[in-house]
Amino acid sequence: MRLVLDWDGTVTERDTLDLVLREFGDDEIYDRAEAELDAGRMTLNEVIAAEFATVTAPLDEVVAYVVEHACVRRGFAELARAKHPLVVSSGFHELIEPVLEREGALDEVELRANRVDARPDGWRVLFRELETCAECGEPCKRGDLPPGEVVYAGDGHSDYCAALAADRVFATGSLARYLDERGVNYEPLTDFRALV
Ligand SMILES: [Mg+2]
Ligand SMILES: [Zn+2]
């Protein structure tokens, strides 16, 4: 069994991309892009690129803010040591690794995420190579799932397609609503002690 975890809103209690965009980005563009995503008029990657183009703060300032404000769900460090999960994220190595380091879990997980070029005229997202998924038509996390039995934990849009392919799902947030609408079984994600 391999444990696969989303990062934002799953390992972290609050989505750290949301945290960063509210503090350093443009609220109006952020809200509009999220509405376009929900309506299916923009892809997830288009939305992430548009949102982070409005962030111009230096990377070290944003990293310090995230490390100060991001809380991880209870039991994460123990779970990381016990299960060495694969963490798959639409966020950025540059913002995730400092929080993993703070938790003493940097060497305990395998991380697959995007990267960012924090340019002063607007951040550019460097999307990792992912095949376009035959199921959803976008480069999606389903392609990250290892062969064999998979337990998946997630909370949002980027997890919809991958969760449908997992053997067992822990869900919260909009992922839970998405699975409810499709009659797909899952267990509510509360904290990580249930997964150790
Ligand atoms: Mg998430
Ligand atoms: Zn997909």
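Here, every reference points to the structure presented above.
This section reports on the structure supplied with the text. None of the values given here were measured: they were computed from a predicted structure.

Regarding the coordination of the zinc ion (ligand 2)
At step 1: Surrounding the zinc ion (ligand 2) are the protein donor atoms Cys-133 (SG), Cys-136 (SG), Cys-140 (SG) and Cys-161 (SG), which sit 2.3 to 2.4 Å from the metal.
At step 2: Every donor counted, the four donor atoms about the zinc ion (ligand 2) form angles of 106 to 114° at the centre, which fits tetrahedral coordination.
At step 3: In the primary structure, the donors to the zinc ion (ligand 2) are separated according to the pattern C-x2-C-x3-C-x20-C.
At step 4: Taking relative accessible area as the criterion, Cys-136 reaches 36% and is therefore assigned partly exposed.

Focus on the layout of surface pockets
At step 1: Each pocket or cavity is described by its volume, and for the largest pocket that value is around 510 Å³.
At step 2: Around the largest pocket sit 26 residues that line it, and Asp-15, Glu-34, Leu-44, Gly-156 and His-157 are the ones nearest its centre.
At step 3: Put simply, the parts of the chain that give the lining of the largest pocket at least two residues each are α2 (16-24), α3 (27-38), α4 (44-52), β2 (86-92) and α9 (173-181).
At step 4: Along the lines of polarity and charge, the residues of the lining of the largest pocket split into nine nonpolar, seven polar and ten charged.

Comments concerning the pairing of strand β3 (residues 110-117)
At step 1: With four bridges joining them, β2 and β3 adopt parallel strand pairing. Directly across from Val-88, in β3, lies its bridge partner Arg-112.
At step 2: Traced from β2 through helix α7 (residues 93-102) to β3, the parallel crossover comes out right-handed.
At step 3: Here three bridges tie β3 to strand β4 (residues 124-126), and the two strands are oriented antiparallel to one another.

Regarding the coordination of the magnesium ion (ligand 1)
At step 1: Every protein donor of the magnesium ion (ligand 1) is listed here as Asp-6 (OD), Asp-8 (O) and Asp-155 (OD), and their distances to the metal cover 2.0 to 2.1 Å.
At step 2: Of note, the donors binding the magnesium ion (ligand 1) are all from one chain and are spaced D-x1-D-x146-D.
At step 3: Judged by relative accessible area, which is 6%, Asp-8 ranks as buried.

Here's the deal with unusual backbone geometry
At step 1: One non-glycine residue, His-84, lies in positive phi territory at about 40°.
At step 2: Among the secondary structure elements, His-84 is positioned in the loop between α6 (76-83) and β2.

Comments concerning the packing of aromatic side chains
Any aromatic ring pair is given by two values, namely how distant the centres are and how the planes are angled relative to each other.
At step 1: Enumeration over the complete set of coordinates arrives at six aromatic pairs.
At step 2: Geometrically, the ring pair formed by Phe-76 and Phe-192 is tilted, given 6.0 Å between the ring centres and 55° between the ring planes. Placement of the pair is Phe-76 in helix α6 and Phe-192 in the segment after β7 (187-188), with a sequence separation of 116 residues. Side by side, Phe-76 and Phe-192 carry an identical accessibility label, which is buried.
At step 3: Pairwise contacts between aromatic rings join Trp-7, Phe-76 and Phe-192 into one cluster.
At step 4: Seen from the ring of Tyr-178, Arg-182 lies directly overhead, with NZ or CZ sitting 3.7 Å from the centre.

A word on the environment of Leu-145
At step 1: Position of Leu-145 relative to the elements: it lies in the loop between β4 and β5 (150-154).
At step 2: Note: C-alpha distance between Leu-145 and Ala-162 (17 residues apart in sequence) is 7.4 Å.
At step 3: Residues within four places of Leu-145 in sequence aside, it is in contact with Val-4, Val-150, Tyr-152, Ala-162, Ala-165 and Ala-166.

Some details on the pattern of salt bridges
At step 1: Evaluated as defined, the whole model comprises 18 salt bridges.
At step 2: The closest approach of N and O atoms between Asp-18 and Arg-14, which form a salt bridge, is 3.0 Å.
At step 3: Under the relative-accessibility criterion, Asp-18 is labelled buried at 17%.
At step 4: Judged by its relative accessible area of 44%, Arg-14 falls in the partly exposed class.
At step 5: Linked by salt bridges that have partners in common, Arg-2, Glu-110, Arg-112, Arg-128 and Asp-144 make up one network.

Rules and cut-offs
Residues numbered from 1 in each chain as written. Chains lettered and ligands numbered in written order. Predicted model: local features only at pLDDT ≥ 70, side-chain atom pairs only at ≥ 80, totals over all residues. Heavy atoms only, no water. Donors = N, O, S within 2.8 Å, 3.2 Å for Na, K, Ca; no water. Tetrahedral: all angles 85-135°; square planar, octahedral: opposite > 155°, others 65-115°. Buried < 20%, exposed > 50% of the residue type's maximum accessible area, 1.4 Å probe, protein only. 1 Å grid on protein atoms, 1.4 Å probe; cavity = no way out; pocket = protein on both sides within 12 Å on 5 of 7 lines; lining within 4 Å. Points joined across faces, edges and corners; volume = space filled by probe spheres on them. Helix = DSSP H or I, 4+ residues; strand = E, 2+ residues; numbered from the N terminus. Nonpolar A, V, L, I, M, F, W, Y, C, P; charged D, E, K, R; others polar. Pairing = 2+ DSSP bridges. Right-handed = clockwise from strand over helix to strand, strands pointing away. Phe/Tyr/Trp six-rings, centres within 6.5 Å; stacked < 30°, edge-to-face > 60°. Lys NZ or Arg CZ within 6 Å of the ring centre and 35° of its normal. Contact = heavy atoms within 4.5 Å. Salt bridge = Lys/Arg side-chain N within 4 Å of Asp/Glu carboxyl O.

Keep in mind these numbers describe shape, not what the thing actually does.
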